[in-house]
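Here are the chains, one letter per residue:
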Amino acid sequence: RLEAAYDSRQEKIAAELAEVSSQSPIHPAYLAARLSAVMPDDVCFVDETTTHRGVMQNHLRWNAPHDYVKVPTGLGQGLGVALGVKLGMPDRPVVSVIGDGGFLYNPIPQSLGLSRDANLPIMIVIFNNGEYRAMKANHLSYYPDGVAKQSNIFLGATINPVEYSQMVEPFGGYGQRVEDPAELDAALEAGLKAIRE
């Protein structure tokens, strides 16, 4: 019974990936699947996604202890947790998967500076949907027929456009923005190469 349930779940996951694999911008499920395929077996994923947490848990590979660390409740801790994980496991690659809203809650300059100065290279993969989607979901959850839905104005949910790939440059890091799924694997490999170097 358990084997049948597992097989059914795997079939659903594979069908979802087939459906979204060519979408641009890149679908979160496809990004998680490609991270799992490209990153080495000893990678540790540190997850501070909010909207996409379920997708991450379904599509990221995490089969052994310390392969996946879920950041505790409250946004703004992901980069610090990822740096702490890297400090504790210096020989393993650490990848912070994080939403754009969660990323902006973090102490970005301090985290990037510590990464550089303490020789704690981490890869940061930002899922950029251009909004605080959790805020928008709260509007709709509490007031499903409210003014926000009627006017399509969700106060506090908009994020002004930011070129995240450039934020690491002053700290000597490598950044790249990717929207085309055909370019994703090469970008992930370039990021892995950068943290190894």
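Just above, that's the structure.
Remember, predicted model here, so these are calculated numbers, not experimental data.

A.B. asks: How would you summarise the nonpolar core if you had to cite specific residues and measurements?
C.D. replies: Ranked by internal contacts, the top residues of the largest apolar core, which has 27 residues, are L35, M39, F45, L60, V95, V97 and V125. Of all the secondary structure elements, the ones that give two or more residues to this core are α1 (2-20), α2 (28-38), α3 (53-59), β3 (94-99), β4 (123-127) and α9 (184-196). A total of seven residues in this core trace back to one element, the largest contributor, which is α2. Membership of the second largest hydrophobic core comes to ten residues, among which are A82, L83, M89 and I122.

A.B. asks: Quick one: what's the story with the packing of helix α4 (residues 78-88) against helix α6 (residues 108-117), residue by residue and with numbers?
C.D. replies: Put simply, α4 and α6 touch, their axes get as near as 9 Å, and they point 15° apart. By the criterion of interaxial angle, the relationship of α4 to α6 is roughly parallel. When you trace α4 past α6, the crossing you get is left-handed. Contact with α4, carried on its side by L79, G80 and L83, involves I108, S111, L114 and S115 of α6 and no other residues of that element. Of the residues contributing to the contact of α4 with α6, the split by class is four nonpolar, three polar and no charged.

A.B. asks: How would you summarise α4 if you had to cite specific residues and measurements?
C.D. replies: Of all the residues in α4, the buried ones are G78, L79, A82, L83, V85 and K86. Around the axis of α4, the buried residues are gathered within 160° of arc, so they sit on the same side. Exposed side chains of α4 directed beyond 90 degrees from the buried face belong to L87 and G88. Looking at the buried side of α4, the elements it contacts are β1 (44-48), β2 (68-70), β3, α5 (100-105), α6 and β4.

A.B. asks: Explain the packing of α1 against α2 to me, and be specific about the residues and the numbers.
C.D. replies: Direction vectors running N to C along α1 and α2 enclose 110°, while the axes themselves pass 9 Å from each other. Comparing the axis directions of α1 and α2 gives the class roughly perpendicular. Of the residues in α2, those in contact with E16, L17 and V20 of α1 are A29, Y30 and A33. Along the lines of polarity and charge, the residues of the contact of α1 with α2 split into five nonpolar, no polar and one charged.

A.B. asks: Can you tell me about the pairing of β1, naming the residues and giving the values?
C.D. replies: Of all the five residues making up β1, five are buried; the element is thus mostly covered by neighbouring parts of the structure. Side-chain alternation along β1 places C44, V46 and E48 on one buried face and F45 and D47 on a second face that is also buried. Examined bridge by bridge, β1 and β2 share three bridges and lie parallel to one another. The residue of β2 that forms the bridge with F45 is Y68. Once you follow β1 into α3 and on to β2, the crossover reads as right-handed.

The rules behind each value
Residues numbered from 1 in each chain as written. Predicted model: local features only at pLDDT ≥ 70, side-chain atom pairs only at ≥ 80, totals over all residues. Heavy atoms only, no water. Core = buried A, V, L, I, M, F, W, Y, C linked by side-chain atoms within 4.5 Å. Buried < 20%, exposed > 50% of the residue type's maximum accessible area, 1.4 Å probe, protein only. Helix = DSSP H or I, 4+ residues; strand = E, 2+ residues; numbered from the N terminus. Axes fitted to C-alpha atoms, helices over the stretch in contact; angles between N-to-C directions. Parallel < 35°, antiparallel > 145°, perpendicular 65-115°, else oblique. Left-handed = near helix turned anticlockwise from the far one by under 90°. Contact = heavy atoms within 4.5 Å. Nonpolar A, V, L, I, M, F, W, Y, C, P; charged D, E, K, R; others polar. Arc of directions from axis to C-beta. Pairing = 2+ DSSP bridges. Right-handed = clockwise from strand over helix to strand, strands pointing away.

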